[in-house]
Amino acid sequence: MNTHSEYRLESRHFLDLGDAGTDAIAAMIADALDRKAARADWPKGKVDKDAPLAGRVLALVFEKNSTRTRVSFDIAMRQLGGTVLILEAGSSQLGRGESIADTARVLSRMVDAIMLRTDNHAKIEEMARHASVPVINGLTDRSHPCQIVADLLTVIEHGKPLPGLEFAWFGDGNNVLHSILEAAGLMKFNVRIATPKGYEPDSEFIALSREGGATITMTNDADEAANCADVIVTDTWISMGQEDADAKRTAMESFQVNANLMAKAKPGSVFLHCLPAHIGEEVSEEVFEGPQSVVFDEAENRIHAQKSVLLWSFGLLG
Ligand code: CP
Ligand code: NVA
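Residues numbered from 1 in each chain as written. Chains lettered and ligands numbered in written order. Predicted model: local features only at pLDDT ≥ 70, side-chain atom pairs only at ≥ 80, totals over all residues. Heavy atoms only, no water.

A.B. asks: Mind showing me how you'd approach the pairing of strand β3 (residues 113-117) here?
C.D. replies: Regular strands place side chains that alternate from one sheet face to the opposite one. Most of β3 sits inside the fold, with 5 of its 5 residues counted as buried. The side-chain alternation of β3 yields two buried faces, one formed by Ala113, Met115 and Arg117 and the other by Ile114 and Leu116. Pairing between strand β1 (residues 57-62) and β3: 5 bridges, direction parallel. By the bridge assignment, Val61 is partnered in β3 with Leu116. Strand direction decides the pairing type here: β3 and strand β4 (residues 135-137), joined by 3 bridges, are parallel. If you follow Leu116 over to β4, its bridge partner there is Asn137. (Buried < 20%, exposed > 50% of the residue type's maximum accessible area, 1.4 Å probe, protein only. Helix = DSSP H or I, 4+ residues; strand = E, 2+ residues; numbered from the N terminus. Pairing = 2+ DSSP bridges.)

A.B. asks: What's the story with the site of ligand 2 in this structure? I'm lost.
C.D. replies: Around ligand 2 lies a shell formed by Leu139, Asn174, Asn175, Asp235, Thr236, Ser239, Met240, Cys274 and Leu275. In this structure, Asn175 approaches ligand 2 through a side-chain N or O atom, which is 2.8 Å from an oxygen atom. In a pocket analysis with a 2 Å cut-off to the grid points, ligand 2 is assigned to the largest pocket. Classifying every residue of the shell around ligand 2 by side-chain character gives 4 nonpolar, 4 polar and 1 charged. (Near = heavy atom within 4 Å. Polar contact = N/O pair within 3.5 Å; in protein donor to acceptor, adjacent residues only side chain to side chain. 1 Å grid on protein atoms, 1.4 Å probe; cavity = no way out; pocket = protein on both sides within 12 Å on 5 of 7 lines; lining within 4 Å. Sits in = over half its atoms within 2 Å of the grid points. Nonpolar A, V, L, I, M, F, W, Y, C, P; charged D, E, K, R; others polar.)

Structure below.
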């Protein structure tokens with residue numbers, strides 16, 4: 001007889017947005033908006049009234065640096081009634097070569113869910129194969145789906161329903177763009193991508209987005225991509241783990257989001273950046289600090305988005 005069955009929750013991995021799908025992402029955004037509104041002005045550590053994850057523990061495993069992902073998952077778990085522990089690769093046996101498979105099996109006996117930030121997407125797939133608890137992607141070299149749930153929430157909060165929106169991306173065709181592209185196919189918005197030659201996103205994500213019905217345009221002309229766009233978005237030119245090459249910075253120079261570029265977008269457009277930002281590189285100070293910049297709403301929304309992702313991973317949402 002299993003005396004603990006009343007405590008059993010589902011175990012759904014969230015490695016990419018497609019694991020959840022259109023309806024679940026819509027449910028995540030709706031729940032995030034409701035929970036955020038219900039706790040307006042509360043102290044940040046106060047537990048939501050229903051405490052849906054009371055007694056649950058989330059392990060946050062980091063093989064790369066983090067501020068927002070680390071803090072937002074910690075606060076998200078506290079607000080849902082649960083707790084977290086943080087495992088840094090450098091101070092755990094992962095950093096001495098213990099396998100992902102063994103780590104997944106050990107953590108599954110000790111915690112209720114695992115969030116992993118890693119340098120290689122294959123590692124999170126390996127973690128998910130061997131874990132018997134939900135595994136959540138807190139950024140890999142390939143994608144950053146939790147960030148994009150927060151981004152979509154931010155855009156909607158700023159009065160822009162997703163279907164038919166025109167996003168415009170500038171700079172490096174990186175992990176954040178890959179998740180935006182996946183979201184576009186699922187949530188029916190379009191993406192114009194302006195990158196220097198040789199820095200385009202993986203064609204797999206372009207194809208995925210187009211299969212979902214999104215219109216994706218690729219250009220090497222930043223002004224063309226910005227023209228009448230609803231959402232202007234960029235990210236660092238040099239991601240964690242990439243070689244910091246002068247040649248790449250030089251190639252990116254004409255893709256900076258600055259006042260001239262913003263002037264080409266729709267007057268009510270918003271500027272997004274997942275942060276950390278490099279002022280004077282991918283974005284000018286004027287735009288970053290300007291009235292169209294919603295980057296700190298976006299950062300706060302990591303908490304509200306992460307709560308929805310956690311609830312979905314336990315089968316309590318969507
Ligand atoms: N945007 C984001 O993921 O930030 P951190 O690297 O600080 O977690
Ligand atoms: N593209 C960046 C995102 C940081 C949140 C990186 O991977 O470093």
